[in-house]
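Breakdown of the fold
In case you want the letters, here they are:
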Amino acid sequence: AQSVTQLDSQVPVFEEAPVELRCNYSSSVSVYLFWYVQYPNQGLQLLLKYLSGSTLVESINGFEAEFNKSQTSFHLRKPSVHISDTAEYFCAVTPVPNSGGYQKVTFGIGTKLQVIP
Amino acid sequence: DGGITQSPKYLFRKEGQNVTLSCEQNLNHDAMYWYRQDPGQGLRLIYYSQIVNDFQKGDIAEGYSVSREKKESFPLTVTSAQKNPTAFYLCATSLMGGSNSPLHFGNGTRLTVT
C-alpha cells in the first residue's frame, strides 16, 4: 500500500514569485509519480510524470518536479508564477508493477495555489 | 477531437432517487474509472473497468453500481443506498490498466441531492 502527503492545503503567492508545492509519499515498493492540475469546475489534467531516468522532469508551461528517492519526495516548483497558474494541484503515486493488471493510483488531498496580482 | 464526455455537468435529485451519470470516451482506451471528489479529501476510487463486461469495486463502492457493455461507455448509477451522494464525480480513462499510463479525466458531474 502507498500513501501521499501534500503538506499544504493552500499556498498563496504573488505573481512572478517562485513557488514550491510539496509532496511526500510512502511505499514499500518502487513507484511512478505524477502531478495533475485541476482548474475550477473541470477535471484533472496531467502536468508531469516521473517513470524512470532523470529525476528532474519538466512540463511545457514552466513547472518542474524532482524525484528524491531518499527523502521520498516529488516537490513541484515554478520559478515565476502567473495568474493563470491559479488552480488545485494533486500529487499521485502508483506502484511499479511486477506483473500485469490494475495498479492502484493514490492521490494526495490537493494543494490550492492562489496567485495574487 | 478525442476526449471524455461526462453529462450532465450539473445534476439535482431528491433523496431516495437513483441517478445515472454518463461517461463516454473516444480515446480508444481500455481502462475506465469513476472517482468521487470531496473538498479536502482528494480523489477516491469508486469503480474501475479494464475490459468490456468486467469491472471491479474501488475503495468506496457501496451505494454505487456500474456497467461496461461497450468499450466507449461506463455509466455510474448512484443509488438511494449511498448515504452522502452530494459530490463532484469524475470519470477517467487510461490506455491500459498498467500504472505507467497517466489518467485522462472528463470535466466532471456535480451531483446535488436534497
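Whatever comes next refers back to the structure up there.
The sections below set out a description of the structure shown in this document. (Residues numbered from 1 in each chain as written. Chains lettered and ligands numbered in written order. Predicted model: local features only at pLDDT ≥ 70, side-chain atom pairs only at ≥ 80, totals over all residues. Heavy atoms only, no water.)

In terms of regular secondary structure, chain B is built from zero helices and 11 strands. Sequence-ordered secondary structure for chain B, helices as α and strands as β, is β-β-β-β-β-β-β-β-β-β-β. Dimensions along the principal axes, computed over C-alpha positions, put chain B at roughly 35 × 30 × 30 Å. Classification of the 114 residues of chain B by burial places 47% in the buried group. Partitioning the intrachain contacts of chain B with sequence separation of at least 6 by distance along the chain shows that 52% fall at a separation of at least 24. Just so you have it, chain B exposes about 5500 Å², and 47% of that area is on carbon and sulfur atoms. Within chain B, one finds 11 positive and 10 negative side-chain charges whose respective centroids are separated by 7 Å. (Helix = DSSP H or I, 4+ residues; strand = E, 2+ residues; numbered from the N terminus. Buried < 20%, exposed > 50% of the residue type's maximum accessible area, 1.4 Å probe, protein only. Contact = heavy atoms within 4.5 Å. Areas by Shrake-Rupley, 256 points an atom, 1.4 Å probe, with all protein chains shown as cover. Lys, Arg positive; Asp, Glu negative; His and termini not counted. Charge placed at Lys NZ, Arg CZ, Asp CG, Glu CD.)

If you walk through the whole model with that rule in mind, you get two cavities of 30 Å³ or more. Grouping the constituent residues of the lining of the second largest cavity by class yields two nonpolar, two polar and two charged. (1 Å grid on protein atoms, 1.4 Å probe; cavity = no way out; pocket = protein on both sides within 12 Å on 5 of 7 lines; lining within 4 Å. Points joined across faces, edges and corners; volume = space filled by probe spheres on them. Nonpolar A, V, L, I, M, F, W, Y, C, P; charged D, E, K, R; others polar.)

Let us look at the interface of chain B and chain A. Chain B puts 25 residues into the contact, and the matching count from chain A is 25 residues. Roughly 1800 Å² of surface becomes buried between chain B and chain A when both sides are summed, with 56% attributable to carbon and sulfur atoms. At the boundary of chain B and chain A, one finds one salt bridge. Between Lys104(A) and Asp59(B) there is a salt bridge, with its nearest N and O atoms 2.8 Å apart. (Buried area = accessible area lost by both parts, 1.4 Å probe. Salt bridge = Lys/Arg side-chain N within 4 Å of Asp/Glu carboxyl O.)

In this structure, Pro8(B) follows Ser7(B) across a cis peptide bond, with omega equal to -10 degrees. Its identity as a non-glycine residue notwithstanding, Asn41(A) has a phi of 60 degrees, on the positive side. By the secondary structure assignment, Asn41(A) is in the loop between strand 5 (31-38) and strand 6 (44-50).

Residue and element names in this part refer to chain B. In spatial order, the strands read 1-3-8-7; together these four strands make up an open sheet with antiparallel pairing. Across the chains shown, the open sheet's two edge strands, defined by having one partner strand only, are strand 1 (4-7) and strand 7 (64-66). For this sheet, the mean inter-axis angle between neighbouring strands, taken without regard to orientation, is 20 degrees. Across three bridges, strand 7 lies against strand 8 (residues 76-78) in antiparallel orientation. Within the sheet, the bridge partner assigned to Val 66 lies in strand 8 and is Leu 76. (Pairing = 2+ DSSP bridges. Axes fitted to C-alpha atoms, helices over the stretch in contact; angles between N-to-C directions.)

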